[in-house]
There are 2 protein chains.
Amino acid sequence: MQLSDRKRKILQAIIHDYIETAEPVGSRTICKNHISDLSPATIRNEMADLEEMGYLEQPHTSAGRIPSDLGYRVFVDSGLERYRLTIKEMLQMQEAFKHKMREANSIMSEISSILSQMTNYTAVATSKRASNIKVQSLQVMPIDARRILAMMITNDGGVKNQLIVTRQEIDGVRAAEITAVLNSCFAGMTVSDITPEKLAEMSTRFRGFAEIEDVFEFMLKSAAEIEKQEIIVDGSINMLNFPEYSDVNKAKQILEYINDKKSLNMLLQSPKRENEIEVIIGNENPLEEFKDCSIIMCSYNLGGRSGNIGLVGPRRMNYSKAISMMEYLKNELDNIISERTDEDE
Amino acid sequence: MQLSDRKRKILQAIIHDYIETAEPVGSRTICKNHISDLSPATIRNEMADLEEMGYLEQPHTSAGRIPSDLGYRVFVDSGLERYRLTIKEMLQMQEAFKHKMREANSIMSEISSILSQMTNYTAVATSKRASNIKVQSLQVMPIDARRILAMMITNDGGVKNQLIVTRQEIDGVRAAEITAVLNSCFAGMTVSDITPEKLAEMSTRFRGFAEIEDVFEFMLKSAAEIEKQEIIVDGSINMLNFPEYSDVNKAKQILEYINDKKSLNMLLQSPKRENEIEVIIGNENPLEEFKDCSIIMCSYNLGGRSGNIGLVGPRRMNYSKAISMMEYLKNELDNIISERTDEDE
DNA sequence: ATTAGCACTCATTTCGTTTTAGTGCTAACA
DNA sequence: TGTTAGCACTAAAACGAAATGAGTGCTAAT
C-alpha cells in the first residue's frame, strides 16, 4: 500500500524532530511545529496507521513515536531534500585535495578527518591496493662505505626501500651485479608470490652476497605492507556526543567495535552497486554490533589504491547532510582520478 | 615529620584497597583485610593523623579515606614492592622487538599497543628525529619512459622518495646531470633549511628541467615529514573501564585530551632526569586537564628517533605494575640500541 | 596506648505519590 | 465521511520523606 501524501508528511515530520531531539515525538509536537492545519487527534490516527504499517515504533504506551528502520528507509529513498553545502564546507573539503601528489592513503586520512569534523559523525575508510600488483624492478645501490639501499618498485608506481648495513664494502659494480640477478629472479613476479619458500629457493643464486638475507627480509616486509589492508578511523569520539551512548558501557562497546579492524572491515563491505552512495540503516547492516547505527558509504578508487569510505552515526543520523557530504566528496575524488589518468597514461 | 612504621602500613593498605575498588576505604575494612591486630578505632586515630599530615583525604564526613597526591607520592617513592612480570608478559613484550630491522616508529607503535593491552591503561609515545638532520644526498633516476624517481637520503639513514611523472623522456645521463646539480646545491644542508624561499633561489640553476617544481615539492614534503613530531596513542578506550570516567562527559573530555596532539606533547615533556623512569601523580603534571591522571614515563632513543613513552591511567593506577612494565621495556630498548650501535659504528 | 561504645553525619536507597506527556477511543460536528 | 474535542487511561519520570548504612569522632574504660 502506498503512503498517502499526508502520511508521508507526518512521517517526515517525526523523523525530522527525532533526528534533532532523540526523543519520541508526540502528536501535539507535530501539530505545533509542522502541520498546524490538522488537530493532534487526526495526526494521532495517522500515526497509529503508520505504526501498523511498520514505519513507526512506540517505545511504550504513553510515549510518542520513533521511526523504525523501514521508516528511515522510505524517508531516505523517497528523495529527501538535499542539504546544500556552504561555501566554507566546500572549501574545507577541497583543502584535503590540495596536495594531489600525495599518496592515496594520506589523502584518505585527511578526508576522513575533515568529514568527521564537519558532520560530527565517525569517518571510516578502508584502503587496499589493487590485488595483482607486480614487482617492476628491484635495485640495490651503495650509499656509503658500510650501507646499501635496497629498493622495490611496483608496477603501480609504489616504491619501498630500506637501508642495510653491510659487513664489507660493496661498490657500484658489485651492486649492479646483484641488482641484475635480483631482477632476473623477481621482476614481473606478483607481489603476493613473494614468500619465504620462494625466496629460499632462489637463495642459491646469491652465493657470495652476505646481506641477501637482509634484502629478502626487506622484500617480505614490503610485500606484506603492500598487500595489507589499511583502515582509517577518524572522530570515533564523536559517538559520545549522542544521547544513545550516554551510558558508558554502551559507549565503550561501540567505540571498541568502531576501532576494531575486523568488524570495520565487515561493516564496510563493498556497496551493492559500485560507484553509488549506499545508505545502510540500523539492522540492515551485516553486523549485530552496529544495529543501532547507520552508515553512509561509497567506494573510491584512487591511484592504485581503492576501498570504501563511510560515515557512521546513530540510526537517527542527519541523512540529508551526511549524504550530501558524501556526494560532494565522491565528485571531488572522481575529479582527481580523471586528472591523474589524463597525465599518467 | 617521619611516618611511623604503623602509619606507613596503614597508608599502604588504604592505597592498595583504593586502587582496587576506587571506593573510599574505611577503618573496618583495613582491619579486616590488612591489619587484624589493631582495632578499627586505633586505625581511625592513625587515619586522622595521616589526613592531618596531608597523605589522605576524606570526600565527606562519614566516608572512608582516599589517598592524596602526596599519599601516592610517598607510596611510590618509599620503595613499593615491585610487580614481577610473568614469563608470558615478558615474551609478549619481546614480540614487539622481534623485527629489529623495523623502523623506530613501527617498533614504538607495537610497544604501545602491547603496553596498553597488558596494563589496561593508555600508552602514549612521542617520537622525533634528532634535530640536526642533514641531507646526505639527493638522487633522480629514470624508472621508465615517463617516470622518474626522486630520492632524498639523510645522514641518519632515512630515505624518502617519490615517483614523478615527466612530460618528456629523461634518460640516465640527463638524470645523472640533474642529480649532480641537486647535490651541489643541497647536499650537506640541514633539513630544516629546506624552505620554499631557498628553493626558489636555487631554481635558476635548473633551467631546462621542467619537473624541478615537482622535485622541489617532494623535497619540501619530505623535509616536513622528517621534522614532524609523531605521536602514538594506543588503548585510549581503556579509560572507559575506570569508574572515575563513568560519566560520559568526563569520559569524552579525557578522551579528547588524550587524543589531542598538543596536550599530549605537553604532557610528555622530557623527564627531569634523562634515562630514568618518572612518575607523575595527579596535579603534579603540567596540565590541568590531566589532574585526575597519573603518568609513568621514560625517554627512549632508538636509531635516530627519540622521544618519550608513557602510560596514562587514573590517579589510583597500579603503580607497581605499571612501573615494572616500563622498567622492563626500558631495558629491552636499551639492549636494542647497544646491539645496533655495535653494528653501526 | 588501645579499644569498646555511642552519638552523629551524610550519601544512598527505598518507596509511595504526584506530575507529565503521551495514547486510544467515543461521540459530536462540519 | 473525515475531523476534532473530550476524556479515561498508561507508563515513565520527578519528587520527597523516611529508612538504611557506612563511616566518622569523641569519651570513657581497660
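Everything below is about the structure shown above.
Conventions we followed
- Counting of residues starts from 1 at the beginning of each chain's written sequence and follows it residue by residue.
- For this description, chains carry letters from A and ligands carry numbers from 1, given in the order in which they are written.
- For a predicted model such as this one, the threshold for reporting local features is a pLDDT of at least 70, and the threshold for listing and counting side-chain atom pairs is 80 or more; totals across whole chains, interfaces and linings nevertheless cover every residue.
- The side-chain values count all of the structure's non-hydrogen atoms but skip hydrogen atoms and water molecules.
- In DSSP terms, a helix is any run of H or I states spanning at least four residues, a strand is any run of E spanning at least two, and both are numbered starting from the N terminus.
- For the radius of gyration, the atom set is restricted to C-alpha positions; the globular benchmark scales as 2.2 Å times the number of residues to the power 0.38.
- Here, residues are in contact when the closest pair of their heavy atoms is within 4.5 Å.
- Methods summary: accessible areas were calculated by the Shrake-Rupley approach with a probe of 1.4 Å, and residue burial reflects only the protein chains presented.
- Lys and Arg are tallied as positive, Asp and Glu as negative. Neither His nor the chain termini are counted.
- By convention, the charge on Lys lies at NZ, on Arg at CZ, on Asp at CG and on Glu at CD.
- We call a residue near a given molecule or strand whenever any one of its heavy atoms falls within 4 Å of it.
- Residues adjacent in sequence count toward polar contacts only when both atoms are side-chain atoms; beyond that, a polar contact is any pair of N or O atoms within 3.5 Å, and within protein one must be able to donate a hydrogen and the other to accept it.
- Each residue gets one of three labels, nonpolar for Ala, Val, Leu, Ile, Met, Phe, Trp, Tyr, Cys and Pro, charged for Asp, Glu, Lys and Arg, and polar for the others, Gly among them.
- Burial classes follow relative accessibility: with a 1.4 Å probe on protein chains only, a residue under 20% of its type's maximum area counts as buried, one over 50% as exposed, and anything between as partly exposed.
- Two parts placed together each lose some accessible area under a 1.4 Å probe, and the buried area is that loss summed for both.
- Here a salt bridge means any side-chain nitrogen of Lys or Arg lying within 4 Å of a carboxyl oxygen belonging to Asp or Glu.
- We place the copies in one frame by least squares, fitting the C-alpha atoms of every residue whose pLDDT is at least 70 in both.
- Ring pairs are drawn from Phe, Tyr and Trp, using the six-membered ring of Trp, whenever the two centres fall within 6.5 Å, and their geometry is named by plane angle: stacked under 30 degrees, edge-to-face over 60, tilted for the rest.
- Residues enter a nonpolar core if they are buried and are Ala, Val, Leu, Ile, Met, Phe, Trp, Tyr or Cys, with the set joined through side-chain atoms within 4.5 Å.
- Two strands pair under a simple rule: DSSP has to find at least two bridges between them.
- Here an axis means a line fitted to C-alpha atoms, over the contact stretch when the element is a helix, while the angle between two N-to-C directions is reported on a 0 to 180 degree scale.

Undergrad: Could you clarify how one ought to interpret the overall build of chain A in this entry?
TA: In terms of helices and strands, chain A carries 12 helices and 10 strands. For chain A, whose C-alpha radius of gyration is 27 Å, the value lies well above the compact-globule estimate of 20 Å for 345 residues. Once the C-alpha set of chain A is aligned to its principal axes, its extents read approximately 90 × 40 × 35 Å. Taking all contacts inside chain A whose residues are at least 6 apart in sequence as the whole, residues at least 24 apart take part in 61%. With the model as given, the accessible surface of chain A reaches about 16,500 Å², and the carbon-plus-sulfur share is 46%. Computed over 41 positive and 52 negative side-chain charges, the inter-centroid distance for chain A is 2 Å.

Undergrad: Help me out: how do you make sense of the protein's contact with DNA strand C in this one?
TA: Around DNA strand C there are 19 residues in total, and A:S27, A:R65, B:R6, B:T42 and B:S62 lie nearest to it. Near-protein atoms of DNA strand C (within 4 Å) split between backbone and bases, with sugar and phosphate holding 72%. Contact between DNA strand C and A:R44: a base nitrogen at 3.2 Å from a side-chain N or O atom of the residue. In this structure, B:S39 approaches DNA strand C through a main-chain N or O atom, which is 3.0 Å from a phosphate oxygen. Of all elements in the fold, only α3 (40-53) of chain A together with α3 (40-53) of chain B reach the threshold of two or more residues within the surface near DNA strand C. When residues in the surface near DNA strand C are grouped by element, the largest group, four residues, is from α3(B). Across the surface near DNA strand C, the residue classes tally to four nonpolar, 11 polar and four charged.

Undergrad: Help me out: how do you make sense of helix α4 (residues 69-77) of chain A in this one?
TA: The periodicity of an α-helix, 3.6 residues per turn, causes residues three or four places apart in sequence to face the same way. Residue and element names in this part refer to chain A. Taking burial as the measure, the nine residues of α4 include seven buried ones, the bulk of the element. For α4, the set of buried residues is D69, G71, Y72, R73, V74, F75 and V76. Following α4 by one or two positions, G79 adopts a phi angle in the positive range, close to 45°.

Undergrad: Looking at this model, I keep getting lost on the interface of chain A and chain B. Mind explaining?
TA: Where interface size is quoted, it is often the accessible area lost as the parts come together. Contacts between the two partners involve 39 residues from chain A, matched on the other side by 39 residues from chain B. When the two sides are added together, the surface that chain A and chain B hide from each other amounts to roughly 2,900 Å², 63% of it contributed by carbon and sulfur. Here chain A is connected to chain B by zero salt bridges. The interface formed by chain A and chain B includes three residue pairs in polar contact (both at pLDDT 80 or more). Secondary-structure elements contributing two or more residues to the side of chain A that touches chain B are β4 (135-144), β5 (147-154), β6 (159-165), α9 (212-227), α10 (248-258) and α12 (319-344) of chain A.

Undergrad: I would appreciate a short explanation of the relation of the copies chain A and chain B in the present structure.
TA: In this structure, two copies of a chain are linked by a rotation about an axis accompanied by a shift along it. Of the two same-sequence chains, chain A is brought onto chain B (RMSD 0.1 Å, axial shift 0.0 Å) by a rotation of 180°. Here the symmetry operator amounts to a two-fold rotation axis. Minimal C-alpha distance to the rotation axis in chain A is attained by A:V248, lying at 2.9 Å.

Undergrad: I'm lost on the protein's contact with DNA strand D in this one. Help?
TA: Inspection of the region around DNA strand D gives 21 residues, with A:R6, A:T42, A:S62, B:S27 and B:R65 positioned closest. Sugar and phosphate atoms form 76% of the subset of DNA strand D atoms that lie within 4 Å of the protein. Within the side chain of A:S62, one N or O atom sits 3.3 Å away from a sugar or linking oxygen of DNA strand D.

Undergrad: Honestly, the packing of aromatic side chains in this entry has me stumped. Any pointers?
TA: Summed over the entire model, instances satisfying the criterion amount to 10 aromatic pairs over all chains. Look at B:Y121 and B:F242: their rings are 5.7 Å apart centre to centre, the planes differ by 25°, and that puts the pair in the stacked class. Here B:Y121 is found in the loop between α6 (104-119) and β3 (122-129), whereas its partner B:F242 is found in the loop between β7 (230-234) and α10 (248-258), with 121 residues between them in sequence. One exposure class covers both B:Y121 and B:F242, and it is buried. Pairwise contacts between aromatic rings join A:F186, A:F206 and A:F216 into one cluster.

Undergrad: Where do I start with the nonpolar core in this structure?
TA: Note that soluble globular proteins tend to have their nonpolar side chains buried in a common cluster. In terms of nonpolar packing, the biggest core is built from 158 residues, with A:Y319 and B:Y319 touching the most fellow members. Contact partners of B:Y319, with chain neighbours within four places excluded, come to B:Y72, B:F75, B:V76, B:L80, B:V279, B:I281, B:S294 and B:I296.

Undergrad: Just checking my understanding: could you explain unusual backbone geometry for this structure?
TA: Trans is the common state for peptide bonds, and a negative phi is the common state for residues other than glycine. All names here are of chain B. At S62, a position not held by glycine, the phi torsion is positive, near 70°. Note on placement: S62 falls in the loop between β1 (56-57) and β2 (66-67). Of note in this structure, N120 is not a glycine but carries a positive phi near 65°. Relative to the helices and strands, N120 is located in the loop between α6 and β3. Note on N120: relative accessible area 39%, which makes it partly exposed.

Undergrad: Just to check I follow, could you spell out the pattern of salt bridges for this structure?
TA: Any two side chains of opposite charge can pair if their charged atoms end up close together. Residue and element names in this part refer to chain A. All told, the structure shown has 36 salt bridges over all chains when counted by the stated rule. With a shortest N-O distance of 2.8 Å, D69 and R315 are connected by a salt bridge. Residue D69 is located in helix α4, and its partner R315 is located in the loop between β10 (305-314) and α12; the two are separated by 246 residues in the primary sequence. Judged by relative accessible area, D69 falls into the buried class, the value being 14%. Since its relative accessible area comes to 23%, R315 is described here as partly exposed. The closest approach of N and O atoms between R73 and E284, which form a salt bridge, is 2.5 Å. Linking R73 in helix α4 with E284 in the loop between β8 (278-281) and β9 (293-302), this pair joins segments that are 211 residues apart in sequence. For E284, a relative accessible area of 38% translates into the label partly exposed. The network of salt bridges with shared partners includes R6, K7, E46 and D49.

Undergrad: How should the sheet that holds strand β4 (residues 135-144) of chain B be read in this particular structure?
TA: Two modes of strand pairing occur in sheets, parallel and antiparallel, and in both the strands are linked by backbone hydrogen bonds. All names here are of chain B. The sheet built from three strands is open, its strands ordered β4-β5-β6 with antiparallel pairing. A single partner strand is all that each edge strand has here, and the edge strands are β4 and β6 (159-165). Taking the axes of each pair of neighbouring strands and ignoring which way they run, one obtains an average angle of 15° across the sheet. Judged from the seven bridges that link them, strand β5 (residues 147-154) and β6 form a sheet pairing that is antiparallel. Within the sheet, the bridge partner assigned to A150 lies in β6 and is Q162. Lying over the sheet, helix α9 (residues 212-227) contacts β4, β5 and β6, oriented at roughly 155° with respect to β6.

Undergrad: So what exactly am I meant to see when it comes to the sheet that holds β6(A) here?
TA: All names here are of chain A. One open sheet holds the three strands; their spatial order is β4-β5-β6, and the pairing between them is antiparallel. Every other strand in the sheet has two partners, leaving β4 and β6 as the edge strands with one partner each. On average, each strand axis in the sheet is inclined to that of its neighbour by 15°, with strand direction left out of account. As judged from the eight bridges shared by β4 and β5, these two strands associate in the antiparallel manner. Within β5, the position partnered with S137 by the bridge is I153.

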